[in-house]
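A closer look at the structure
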Amino acid sequence: MSVATDTMESITLRLENEAVLSFRGRLFSEAVWNDEESGVFTHHKLYVTDQNEHVYVIRKGGERRLCRAYRVSVRGERCVIYNGRTVTELPLDMLLLAVRTLCGAEGGMVMEQIEETLRSASC
């Protein structure tokens, strides 16, 4: 058993869309912040699964608690996104265009790194 496999854990998330998303993975990155003006606490986590997928989790607190999660996998030139209820599939180039647009980036080293990460997600 490899070290990467040893760090994997079973994770079950109960989502606001009333779905349950379960996977085996390890925490890759997380960020936490509190908006003092609105009083909303936000926690983002990014997991890498044992199937070489990524699961992005967003939890928000406040008056109304929510938990959303998206499992993202790359299959050839297509990206598959699953939110526990619905599967959305789109060409990888369309996802890269959306990322470029949302980031306001037209190219350069950062976009090359993002594209490389997305393309290697299923390796």
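Since the structure is predicted, the reported quantities are computational estimates derived from the model, not experimental observations.

What follows concerns the overall build of the protein. Helix and strand counts for the protein come out as 3 helices and 7 strands. Listing every helix and strand of the protein by position from the N terminus yields α-β-β-β-β-β-β-β-α-α. Within the protein, buried positions represent 31% of all 123 residues. Long-range contacts, defined here as pairs at least 24 residues apart, represent 24% of the contacts in the protein between residues at least 6 apart. Only carbon and sulfur atoms are counted for the fraction: they give 51% of the accessible area of the protein, which is about 8,300 Å².

Right, let's talk about the nonpolar core for a bit. Among the nonpolar cores identified, the biggest contains 11 residues, and these are I11, L13, L15, A19, L21, F23, Y47, V55, V57, C67 and A69. Secondary structure elements with two or more residues in this core: β1 (9–14), β2 (20–35), β4 (54–60) and β5 (66–75). In contact with L15, other than residues within four places in its own chain, are L21, C67, R68, A69, N83 and G84. Judged by nonpolar contacts, the second largest core, of 7 residues, contains C79, L92, L95 and L96.

All right, on to the pairing of strand β3 (residues 40–49) then. Pairing of β2 with β3, which is carried by 10 bridges, proceeds in the antiparallel orientation. For G25, the partnering residue across the bridge sits in β3 and is T49. Count of turn residues in the β2/β3 antiparallel hairpin: 4 residues, of which G39 carries a positive phi of about 75 degrees. Examined bridge by bridge, β3 and β4 share 7 bridges and lie antiparallel to one another.

Right, let's get into the pairing of β5. Note: β4 against β5, 7 bridges, orientation antiparallel. Residue pairing for β5: V57 is matched across the bridge by A69. Here β5 pairs with strand β6 (residues 78–82) via 5 bridges, running antiparallel. Bridge pairing in β6 links R75 to R78. Linking β5 to β6, which pair antiparallel, is a turn of 2 residues; within it G76 sits at a positive phi near 65 degrees.

Before going further, it helps to spend a moment on the confidence of the model for the protein. Confidence along the protein averages 82 in pLDDT terms, with 76% of residues attaining 70 or more. No element of the protein has a lower mean pLDDT than helix α1 (residues 3–6), which averages 52, and none a higher one than β1, which averages 94.

Basis of the calculations
- Residues numbered from 1 in each chain as written.
- Predicted model: local features only at pLDDT ≥ 70, side-chain atom pairs only at ≥ 80, totals over all residues.
- Heavy atoms only, no water.
- Helix = DSSP H or I, 4+ residues; strand = E, 2+ residues; numbered from the N terminus.
- Buried < 20%, exposed > 50% of the residue type's maximum accessible area, 1.4 Å probe, protein only.
- Contact = heavy atoms within 4.5 Å.
- Areas by Shrake-Rupley, 256 points an atom, 1.4 Å probe, with all protein chains shown as cover.
- Core = buried A, V, L, I, M, F, W, Y, C linked by side-chain atoms within 4.5 Å.
- Pairing = 2+ DSSP bridges.
- pLDDT = per-residue confidence, 0-100.

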